[in-house]
Amino acid sequence: MATYDDRQWILSHVQNSYVTSDDTGLCEVVVQPEVGGAGVVEFPCLANTDSPPHINDDPPPHSLDIAPDMDFVGHRQRSYTAQRLEVMRKEKKNASKVKRVVWKHSTAPIDESELNELFSRKAVISSRNPQDSPLPQQAPVSLLSRLVQQYPDGLNNPFLEYAKFDGMTHTNVQARRISIYLLIGDNPAPNYPLVVSVINCHQARVIDLIGLICWLYTKENRQPPLRGGVEHYALHIAEEDGQVDWDFQALRPRDVIEKFGFNVLALVEKKSAREGAQEVVVTLNVAGGTFSKITVESHITLKEILNRTISKRKDMVRIKDAGLNYHLEREDEPGIALDPDKTLADINCTEFAVVRDNSKRHEPHMESNNMSVVEATLYKAYRVLWLYKFGKCEASLGISGEKFEVHPLQPKTPGPFPPLRPRAPVTYNMDQVVDCSRKAEKKGKVDIQITCQGENRFKDFIFECDTKMGQEILDKCKHIFDLRSSSVRKEFWREKKPFRRHNSLSMRRRPRTENHVNEV
C-alpha cells in the first residue's frame, strides 16, 4: 500500500480504473477527457486542498499506461451469454459469404467446341526464358515420384497385411505395449527387446502378433533375415532379462492376445524351420543320482546346455544366485572341466555331468541314495511311531536344515484305556542333534534313534517306521551333519571316541554315561 498527497491523481486513477474494468464499454464512452490537454475532470471542491499547484506546461496527471497483457486483479471475465452471442454473430457473418449451388445433371449433350471453350488449355508462364538458358531445362521431379521410380512394385514386405495392428502411429487409440526378445538365427542370444504396440487386442490373435513382429523386423532390415512365414515362428513366455521359460509351451496361435497378461515374450524359431539343424539328445547327470535329457541342436554351445539344465532345477538356481557356478564334465572323465564356448559338435559327446565349481564329483557307488545335499536341507515330515518307556503313539517327525521337531498325533480310534501321560511336542535346533543311527530291524520295520542335547543331558528319541523311510531319515540327517558342523556334535563324539559310531551295519549299543539318559 502506498500513500499519495495528490488527490487529483488519485481521482484520475479511479476514473481510469472504471474505464478498464468495464466489460460493456459504457464508461469509456461516458467518461472522456477534455480536448486541449486539460485535466481529466475538474472538482471545485478540491480548490483549497493541499494538492500542489500544476503548471500549464506540465502534462495533466494520469494513471499508469494500460498494456495489452496487463493482468488486472479485479478484471471480470465476460459472461457466457456475451461470448455465445459473439460466436453466433461471427458464424452468421461467415455464413453470409457462402453461396450454395445445387448440382444438376444436364441431359443435353455438349459438343467438342463447348468443351474446348470451358476447359481450354492454359499456357504455363515460366520465370525464366528458355531461350536465354544454354542448357535444356529438366522437368522437376517430386520426392513421391522418385520413390515410385525407386520401388515400382512397392515395399517388398510379405508381412504387410499385419501392419494394421501396429499402434505406434495411433494417438487416440488404446494400445498395448509388449517387449519382444528376438531369438532368431543359428546362435540366438537375447539382446535388447523390440517394443511392439498392438491395437485391437480383443480381436488380434497370437498369429497376428507374430506377423506384426515379422513386419517390423523386415521393415527395419534386421539381420539375420527371416526364414519363412508366420507359421515358422512361435511366442514363448520370457523373463525381464530375456531368459525363455521352456517349461511352458508356446502360446497357441489362435488365442486372443487379450487373454494373456504377459508383457515380455520371446519370438522363437520353430525346430522344423531351422535349416541344417540336427537334433541330438543329451543326457546330463546331476549330483544326487538324478539326470536330465534334453533335445538340442548340434551347433549349440555347452554354456547354453548348462543354462537350460539349471533353469529347470530350483535348487541349482538358488545355489547359482548365492554366487556359486557350475561347469560340465564328460561322464567318463571326472575332474576335467569342458570349455563352455565349444559347441556340441566340437566335443562329440552326448553324456555329461553337471558339477559345481571347486567341488569333486563322487563315484556312483559312494552315493548312499538319490537324495542331494540341497534336498536334504529342505523341510520334510514323516509319519512314524514314537516309542517311549511306557507306551507308544503316532507322531509327525519333521526334519530340515534348521529344526528337528516331533508332534504327537491324536489316534483315529481311541483305545479302551487312555494313555498314562500324553506326550508334549518336542522342538530342537538342528545344531543340537548330535546323532542319528539305526537301533533295531525286524520284519520290514526299523527303529531309528536320534540323540539331542537337552539342558543338562543327552536325550534319545526312538521312532519306528518302515525300512525305506528309515533309510531316508538316516541319509537326510547324514547330509545335514556333513553340511553343517556343530560344536555340540563335536563335543559329543569326542566323549564317545573309544566307542564305534552307529551306522546301518553296526547294531552295537553305546554304553551309557551319567549325562546320557533314555527319553521317557
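Refer to the structure presented above.
Keep in mind that what you see is a predicted model, and the values were worked out from it rather than measured. (Residues numbered from 1 in each chain as written. Predicted model: local features only at pLDDT ≥ 70, side-chain atom pairs only at ≥ 80, totals over all residues. Heavy atoms only, no water.)

**Structural notes on the side chain of Arg 438**
- Inspection of the secondary structure assignment puts Arg 438 in strand S13 (residues 433–442).
- Reaching out from Arg 438, the side chain makes a polar contact with the side chain of Gln 471 at a distance of 2.8 Å. (Helix = DSSP H or I, 4+ residues; strand = E, 2+ residues; numbered from the N terminus. Polar contact = N/O pair within 3.5 Å; in protein donor to acceptor, adjacent residues only side chain to side chain.)

**Notes on the sheet that holds strand S1 (residues 175–183)**
- One open sheet holds the four strands; their spatial order is S2-S1-S4-S3, and the pairing between them is mixed. Of all strands in the sheet, those bounded by a partner on one side alone are strand S2 (194–199) and strand S3 (233–237). Across this sheet, the average inter-strand angle for adjacent strands is 40°, counted without regard to direction.
- In terms of strand pairing, S3 meets strand S4 (residues 264–269) through five bridges, oriented antiparallel. Looking at S4, one finds that Leu 235 is bridged to Leu 267. (Pairing = 2+ DSSP bridges. Axes fitted to C-alpha atoms, helices over the stretch in contact; angles between N-to-C directions.)

**Concerning the pattern of salt bridges**
- Evaluated as defined, the whole model comprises eleven salt bridges.
- In this structure, the salt-bridge partner of Lys 380 is Glu 472, at a minimum N-O distance of 2.5 Å. Of this pair, Lys 380 sits in strand S9 (residues 380–388) while Glu 472 sits in helix H11 (residues 467–483); the two residues are 92 residues apart in sequence, bridging distant segments of the chain.
- It is possible to trace a salt-bridge network through shared partners that takes in Arg 78, Glu 86 and Lys 90. (Salt bridge = Lys/Arg side-chain N within 4 Å of Asp/Glu carboxyl O.)

**Points about a negative patch on the surface**
- A cluster of acidic side chains, namely Asp 111, Glu 112, Glu 114 and Glu 117, defines a negative patch on the protein surface.
- Tracing the sequence through the fold places Asp 111 in the loop between helix H3 (80–95) and helix H4 (112–118). (Patch = residues over 30% accessible without salt bridge, like charges linked within 9 Å, V, L, I, M, F, W, Y side chains within 5 Å. Areas by Shrake-Rupley, 256 points an atom, 1.4 Å probe, with all protein chains shown as cover. Lys, Arg positive; Asp, Glu negative; His and termini not counted. Charge placed at Lys NZ, Arg CZ, Asp CG, Glu CD.)

Function cannot be inferred from these measures alone, as they are strictly geometric.
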